[in-house]
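What follows is the residue order along each chain.
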Amino acid sequence: MEQAVQYLNQQDIDLWLIVTSEGSDPCLNLVTGVKTVGPGAFVLTRTGEKLALCSSIDAQDIEESGLFQEVIKYTTSLAEPLKNVVRRFQPKKIALNYSEDEHLADGLTVGRFRWLKETLEEDFTGDFVSSQPFLCRLRSIKTDREVDTIYRAIRLTHKIYDSIISKLKVGLSEKQVGQLFVDEMERHHVVNGIDRALSMPIVLKERIAHRSPSDAVIEPGDLLIMDFSIDIDGYVSDIARTVYFLKNGEKEAPSHVNRAFATIYEAITKAAEGLKPGVTGHQVDAIARTHLTANGYPEITHATGHQIGRDVHDGGVLLGPKWARYGSSPYGQVEEGMVFTLEPTLFTDQGLQFIVEENVLVTQDGAEFLTERQKELILIPAT
């Protein structure tokens with residue numbers, strides 16, 4: 001919330017208004033840590049005032065949070081107390097959570113926006129502006145404490161991977177491997193960072209897509225992709241590993257498999273070297289993308305990397321190409337304190353597929369790996 005006040009001043013915005021009900025706005029966990037069941041509003045001003053407007057039945061948790069100088073309670077309607085607050089501060093600019101291409105900054109519904117305009121039509125003659133520019137920075141630029149929490153999630157993710165990899169063998173199905181992850185999460189009292197549940201992560205030996213594990217059985221010579229995240233105290237990791245199952249008599253993977261891994265590894269290295277404050281997301285993406293195509297592999301079918309934090313896909317600047325599907329996110333500027341994945345994936349028409357996903361922190365001097373890099377292809381011996 002203190003960061004938000006700084007950004008309001010930097011962008012000459014008088015008041016930030018978050019209108020919500022049933023915890024509908026995705027920024028609430030990040031900014032306030034509290035929510036309302038009935039219609040409510042949270043107000044931050046450029047001069048540092050922090051107010052909550054809520055029904056009397058929602059007030060207790062909000063008051064006990066100690067975050068707000070005022071908790072204004074209503075019984076019948078949010079409209080009148082909200083109008084009173086706007087009249088008190090007389091803002092010229094009010095920031096609202098709407099965005100055309102950033103879903104995490106698009107928490108205000110069309111219906112609520114229409115209600116808001118109608119409610120304030122006699123009391124506010126200024127401009128409504130999007131909160132996206134500062135809300136994305138608020139989410140993206142992590143404090144030291146946030147980075148420490150992400151790092152804790154990463155360390156435990158590595159520990160779980162070590163346990164899973166020691167148990168992998170030919171004959172297991174994707175679902176059985178997925179269950180190994182569920183068992184480990186249960187043992188460590190954590191949940192999947194994607195859905196905050198004891199659910200299976202992505203485990204794929206074929207039909208590469210964002211899908212749940214299937215009954216497909218691992219055979220000698222298979223590559224297996226595992227893409228896994230956990231949540232610790234509201235922050236997540238996001239690490240992918242690809243392993244190769246040796247055939248009988250093999251001591252190492254075939255040369256074309258080793259070459260593919262080496263190319264992915266070098267693409268991650270080059271992208272990390274180019275990731276520093278001041279560059280744009282598409283510039284970093286182009287480094288990895290060009291490296292793969294220069295080595296004869298197909299172009300990456302998605303972004304090279306995304307931010308992680310409160311969510312696995314944490315919005316803001318994207319290390320992606322200048323494709324329409326990504327909107328303005330690849331044009332954003334990288335800043336110190338952002339945490340990204342690097343995952344330049346490889347899918348060929350011959351069925352060769354690799355995902356190696358690392359997590360990095362942007363520092364003043366460049367990228368710092370938070371994950372323990374997968375430096376070699378992981379080999380699972382034949383049994």
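Residues numbered from 1 in each chain as written. Predicted model: local features only at pLDDT ≥ 70, side-chain atom pairs only at ≥ 80, totals over all residues. Heavy atoms only, no water.

Engineer: How would you explain the sheet that holds strand S12 (residues 239–245) if you had to name every residue and give the values?
Structural biologist: In space, the four strands of this open sheet follow the order S8-S9-S12-S18, with mixed pairing throughout. Edge positions in the open sheet fall to strand S8 (202–204) and strand S18 (378–380), since each of these has one partner strand only. Adjacent strand axes in the sheet meet at a mean angle of 25 degrees, parallel and antiparallel pairs treated alike. One ladder, built from three bridges, connects S8 with strand S9 (residues 223–228); its direction is antiparallel. Each residue of the ladder has a partner; that of Ile 202, found in S9, is Asp 227. (Pairing = 2+ DSSP bridges. Helix = DSSP H or I, 4+ residues; strand = E, 2+ residues; numbered from the N terminus. Axes fitted to C-alpha atoms, helices over the stretch in contact; angles between N-to-C directions.)

Engineer: I'd love a proper account of the packing of helix H9 (residues 255–274) against helix H10 (residues 281–294), names of residues and values included.
Structural biologist: Remark: H9 packs on H10, axes separated minimally by 8 Å, with the N-to-C direction vectors making an angle of 155 degrees. Taken together, the axes of H9 and H10 lie roughly antiparallel to each other. Two packed elements cross with a definite hand, and for H9 against H10 that hand is right-handed. Mapping the contact onto sequence places Thr 263, Ile 264, Glu 266, Ala 267, Lys 270, Ala 271 and Gly 274 in H9 and Val 284, Ile 287, Ala 288, His 291 and Leu 292 in H10. The residue inventory of the contact of H9 with H10, partitioned by class, reads seven nonpolar, three polar and two charged. (Parallel < 35°, antiparallel > 145°, perpendicular 65-115°, else oblique. Left-handed = near helix turned anticlockwise from the far one by under 90°. Contact = heavy atoms within 4.5 Å. Nonpolar A, V, L, I, M, F, W, Y, C, P; charged D, E, K, R; others polar.)

Engineer: So, the packing of aromatic side chains: which residues are in play, and what are the values?
Structural biologist: All told, the structure shown has eleven aromatic pairs when counted by the stated rule. Each ring, one from Tyr 161 and one from Phe 181, has its centre 5.7 Å from the other, and the planes form 90 degrees; the classification is edge-to-face. Placement of Tyr 161 in helix H7 (residues 144–167) and of Phe 181 in helix H8 (residues 174–188) is noted, with a sequence separation of 20 residues between them. Of the two residues, Tyr 161 and Phe 181, both sit in the buried class. Every member of this aromatic cluster is reached through a ring pair, and the members are Tyr 98, Phe 113, Phe 124 and Phe 128. Geometry around Trp 115 places Arg 112 over its ring, the cationic atom sitting 5.9 Å from the centre. The ring of Tyr 265 has Arg 373 lying over it, and the distance from NZ or CZ to the ring centre is 3.8 Å. (Phe/Tyr/Trp six-rings, centres within 6.5 Å; stacked < 30°, edge-to-face > 60°. Buried < 20%, exposed > 50% of the residue type's maximum accessible area, 1.4 Å probe, protein only. Lys NZ or Arg CZ within 6 Å of the ring centre and 35° of its normal.)

Engineer: An account of the pairing of strand S3 (residues 50–55) is needed here, citing residue identities and associated values.
Structural biologist: Burial analysis of S3 places six of its six residues in the buried class, the great majority of the element. When strand S2 (residues 40–45) meets S3, the two strands line up antiparallel, connected through four bridges. Residue Phe 42 lies in a different strand from S3, and its bridge partner there is Ala 52. In textbook terms, the turn of a hairpin is the stretch between consecutive antiparallel strands, and for S2 and S3 this stretch comprises four residues, one of which, Gly 48, has a positive phi near 100 degrees.

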